[in-house]
Amino acid sequence: MVNLGFSIGDLLFKNPVLTASGTFGYGTEFEDFMDVSKLGGIILKGTTLEPREGNSYPRMAETPSGMLNSVGLQNRGIDYFEKNIYPHVSGYNTNVIVNINGNYVDDYVALAERIEKLDKIPAIELNISCPNVKMGGMAFGTNLDSAREVIKAVRAVYSKKLIVKLSPNVTNIVDFARIAEEEGADSVSLINTLLGMSVDIKNMKPSLSTITGGLSGPAIKPVALRMVWQVAKSVKIPVIGIGGIMNTSDAIEFLIAGATAVQIGTASFIDPQASVKIVEGIREYLADKKFSDIKEIIGLINRD
Amino acid sequence: MTKRIEDLKIKGNKRLNKDIFILELSGNAKIPEMKPGQFAQVKIEGSPETFLRRPISIHDVDYENNTFKLLIQIAGKGTDTLSRLEKGDFLNLIYPLGNSFSLPEKGERSLLVGGGCGVAPLLFLAKNLKSNGYTPDVLLGYRNIERIIEYQEFSQTGKVFLTTEDGSKGEKGFVTDHSVLSSPSYDMIYCCGPDSMLKAVAGYCKKNRIRCEVSLENLMGCGIGACLCCIVETIRGNLCTCTDGPVFNINELKW
Ligand SMILES: Cc1cc2nc3c(=O)[nH]c(=O)nc-3n(C[C@H](O)[C@H](O)[C@H](O)COP(=O)(O)OP(=O)(O)OC[C@H]3O[C@@H](n4cnc5c(N)ncnc54)[C@H](O)[C@@H]3O)c2cc1C
Ligand SMILES: Cc1cc2nc3c(=O)[nH]c(=O)nc-3n(C[C@H](O)[C@H](O)[C@H](O)COP(=O)(O)O)c2cc1C
Ligand code: FES
């Protein structure tokens, strides 16, 4: 038997594979293809206080080994979530985590307070890294003072597990991870999408209505891996690795580089079963290598 | 209706003209029930440039022989890769996806309008209408005589009207110029094709108070309602083309 479990503080996860916000809907979209409860956790799509329509079409462009998106946090707001989504997702036998977003610090605080009251949501992922909104989002995650301010404010009202999702669109991501740790975050997840763009030469226009968007998929994996490695060496809280993980070997690279767990994003669009396949793949890899606990490989290359 | 992900075997790859071909697929397992208007997310193997799946409509289904067809136009690298598939190869599909066309009321007259590869979902619809006791007419628009496809197939389901842009066959002009539309006698029009054609047909239907459903071809990331990339603006807010569509009543769209 191989132990795949890990924990953030006293919150246990049965395995290190979670799904990334905005790429797995509310889980329900995937029920035809897999048993969602087999995952270590799911991070639901970005949620805001008020409903949001997001950016206009086109909000997606394919690029070599990846895609750009500028969805812009389309969601129906927390009221709708509590009434219509929460009853269903609370039935999953796994950790269901809400990704929260806001224009102002007060929005994040109000959302955290609402979600604190939902028994079956043991953690939030504080998204200070969305590149596709005009206010809030990445603006918080690319400035050290605003990052500190929003993390501190949310920490003050939220007593369950707080994961801070970091932006790669900064000079030194380690500084942001350190601030999250100092302000009492229980974990950091990285990376969100890299700001990019693409031009449609047929119509001689930007491919996205917003001109720029967030790049995800295998194209960003080496960058994500480097950042996860840097952060994992610099903080004590668990690091969740995200970025271009398509299969088991990608996931294992992140674990060896220092990630305690991983999130599967864009891969779920191409193979809706990618996340559960990776759970099984990691189990087999560890058994093959004769490890009995996943902890034995986490950050292996960072040990002396 | 449950969606599934499955490797299907290519039973045939038939070229209709320079850039349109039909793939016939068969499964090991029994193929699921599918509805006209639904589509599949097709995986393109072998190139990082065709990283995402490509949405392709269900063109024709033969439950007896456990096969179905996709009619595909080469539009770029992904569809070009598909055109090179050979008998015996496998193709990975997520399907059946999306909603479907609605049936007309009893006794109503319906017309199917398609242009170019926009005929793809309409053959399945025409056959379905016929087996439900309707006799739909079909109006097809092509660039010229060489581009005409699937004429025989549609003829078996009802009356077929033709337009070509250069007048080399049928009436000259676009579908909306055809004389069959000059005196509105239909209760329901279904349309699939390029955006400009959908909008022209929708305009005609609005003016003449004819119910109309169009099938949209928005860019898709996932095809299953998870990425919210495929949205279309409607009177009910932004909806997903992949799950709320691809078929929409024109009165819902903000056109
Ligand atoms: C629900 C749905 C059903 C469809 N059914 C069919 C079908 O039955 N047969 C068929 O031939 N095609 C169909 N399409 C269109 C088809 O998906 C695209 O032509 C295909 O994805 C292009 O891929 P590519 O790699 O060959 O081209 P790319 O290299 O990706 O693009 C080449 C060109 O095609 C255009 N294009 C790309 N994606 C689309 C799209 N979704 N719609 C329209 N143009 C696009 C691009 O703007 C570009 O100019 C459907 C699309 C949708 C959304
Ligand atoms: C369509 C799409 C929507 C996304 N929406 C969100 C979101 O709402 N909140 C968030 O924190 N990250 C969002 N992300 C970022 C992903 O969670 C993830 O960090 C990123 O895609 C990198 O991982 P990947 O390469 O495995 O996809 C989104 C990504 C995509 C592709
Ligand atoms: S294509 Fe992803 S939601 Fe429609």
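Reading guide: rules and limits
- Residues numbered from 1 in each chain as written.
- Chains lettered and ligands numbered in written order.
- Predicted model: local features only at pLDDT ≥ 70, side-chain atom pairs only at ≥ 80, totals over all residues.
- Heavy atoms only, no water.
- Near = heavy atom within 4 Å.
- Polar contact = N/O pair within 3.5 Å; in protein donor to acceptor, adjacent residues only side chain to side chain.
- Areas by Shrake-Rupley, 256 points an atom, 1.4 Å probe, with all protein chains shown as cover.
- Helix = DSSP H or I, 4+ residues; strand = E, 2+ residues; numbered from the N terminus.
- Nonpolar A, V, L, I, M, F, W, Y, C, P; charged D, E, K, R; others polar.
- Domains from an automatic or database assignment.
- Axes fitted to C-alpha atoms, helices over the stretch in contact; angles between N-to-C directions.
- Parallel < 35°, antiparallel > 145°, perpendicular 65-115°, else oblique.
- Left-handed = near helix turned anticlockwise from the far one by under 90°.
- Contact = heavy atoms within 4.5 Å.
- Phe/Tyr/Trp six-rings, centres within 6.5 Å; stacked < 30°, edge-to-face > 60°.
- Lys NZ or Arg CZ within 6 Å of the ring centre and 35° of its normal.
- Core = buried A, V, L, I, M, F, W, Y, C linked by side-chain atoms within 4.5 Å.
- Buried < 20%, exposed > 50% of the residue type's maximum accessible area, 1.4 Å probe, protein only.
- Buried area = accessible area lost by both parts, 1.4 Å probe.
- Salt bridge = Lys/Arg side-chain N within 4 Å of Asp/Glu carboxyl O.

Visitor: An account of the site of ligand 1 is requested, with residue identities and associated values reported.
Guide: Taken together, 22 residues lie near ligand 1, and Arg54, Pro55, Gln73, Gly78 and Thr79 of chain B sit nearest. Taken together, the residues near ligand 1 originate from chains A and B. Taking Lys202 of chain A, its side chain carries an N or O atom lying 2.8 Å from an oxygen atom of ligand 1. A distance of 3.0 Å separates a nitrogen atom of ligand 1 from a polar backbone atom of Glu217 of chain B. In isolation ligand 1 offers 860 Å² of accessible surface; the protein chains occlude 78% of this area. Breaking the shell around ligand 1 down by element, the ones donating at least two residues are β4 (54–57), β6 (67–73) and α1 (77–83) of chain B. Looking at the shell around ligand 1, the element that brings in the most residues is β4 of chain B, giving 4 residues. Of the residues that constitute the shell around ligand 1, the class distribution is 12 nonpolar, 6 polar and 4 charged. If you count residues domain by domain, the shell around ligand 1 takes at least three from each of domain 1 (4–97) and domain 2 (110–217) of chain B.

Visitor: So what about the site of ligand 2? Which residues, and what values?
Guide: Around ligand 2, 23 residues are found, and the nearest of them are Ser21, Lys165, Gly217, Gly244 and Thr266 of chain A. Flanking ligand 2 are residues from chains A and B. One of the side-chain N or O atoms of Asn127 of chain A is found 3.0 Å from an oxygen atom in ligand 2. When ligand 2 is considered free in solution it has 610 Å² of accessible area, and contact with the protein chains removes 95% of it.

Visitor: Any chance you could break down the packing of helix α5 (residues 173–182) of chain A against helix α6 (residues 221–234) of chain A for me, citing the residues and the numbers?
Guide: All names here are of chain A. Direction vectors running N to C along α5 and α6 enclose 40 degrees, while the axes themselves pass 9 Å from each other. In terms of orientation, α5 and α6 fall into the oblique class. Handedness of the crossing formed by α5 with α6: right-handed. Every residue of α6 that contacts α5 at Ile173, Val174, Ala177, Arg178 and Glu181 is listed here: Met227, Gln230, Val231 and Ser234. When the residues that make up the contact of α5 with α6 are grouped by side-chain class, the tally is 5 nonpolar, 2 polar and 2 charged.

Visitor: Can you break down the packing of aromatic side chains residue by residue, with the values?
Guide: Applying the stated criterion across every chain, the model contains 6 aromatic pairs over all chains. Centroid distance Tyr108 of chain A to Phe140 of chain A: 5.4 Å. Interplanar angle 90 degrees. Geometry classified as edge-to-face. Placement of Tyr108 of chain A in helix α2 (residues 105–116) and of Phe140 of chain A in helix α3 (residues 138–141) is noted, with a sequence separation of 32 residues between them. In this structure, Lys233 of chain A packs its charged tip against the face of Trp229 of chain A, placed 3.7 Å from the ring centre. The ring of Trp255 of chain B has Lys199 of chain B sitting right over it, with the charged end atom 5.3 Å from the ring centre.

Visitor: Can you break down the nonpolar core residue by residue, with the values?
Guide: Of all hydrophobic cores here, the largest spans 107 residues; its most connected members are Phe81, Val164, Leu190 and Ile282 of chain A. Residue contacts for Ile282 of chain A: discarding those within four places in its chain leaves Leu4, Pro16, Val17, Thr248, Ala251, Ile252, Leu255 and Ile294 of chain A.

Visitor: Give me the lowdown on the domain arrangement of chain B, citing residues and values where you can.
Guide: All names here are of chain B. Considered domain by domain, chain B is made up of domain 1 (4–97) and domain 2 (110–217). Each of domain 1 and domain 2 was reduced to a C-alpha centroid, and the two centroids are 23 Å apart. Counting residues at the interface gives 17 residues for domain 1 and 13 residues for domain 2. Summed over both partners, the interface of domain 1 with domain 2 buries about 1,400 Å², with 60% contributed by carbon and sulfur atoms. The three residues of domain 1 that bury the most area against domain 2 are Pro36, His59 and Leu71, which together make up 37% of that side's buried surface. Our enumeration of links across domain 1 and domain 2 arrives at 2 salt bridges. With a shortest N-O distance of 2.8 Å, Asp60 and Lys127 are connected by a salt bridge. At the boundary of domain 1 and domain 2, one finds 5 residue pairs in polar contact (both at pLDDT 80 or more).

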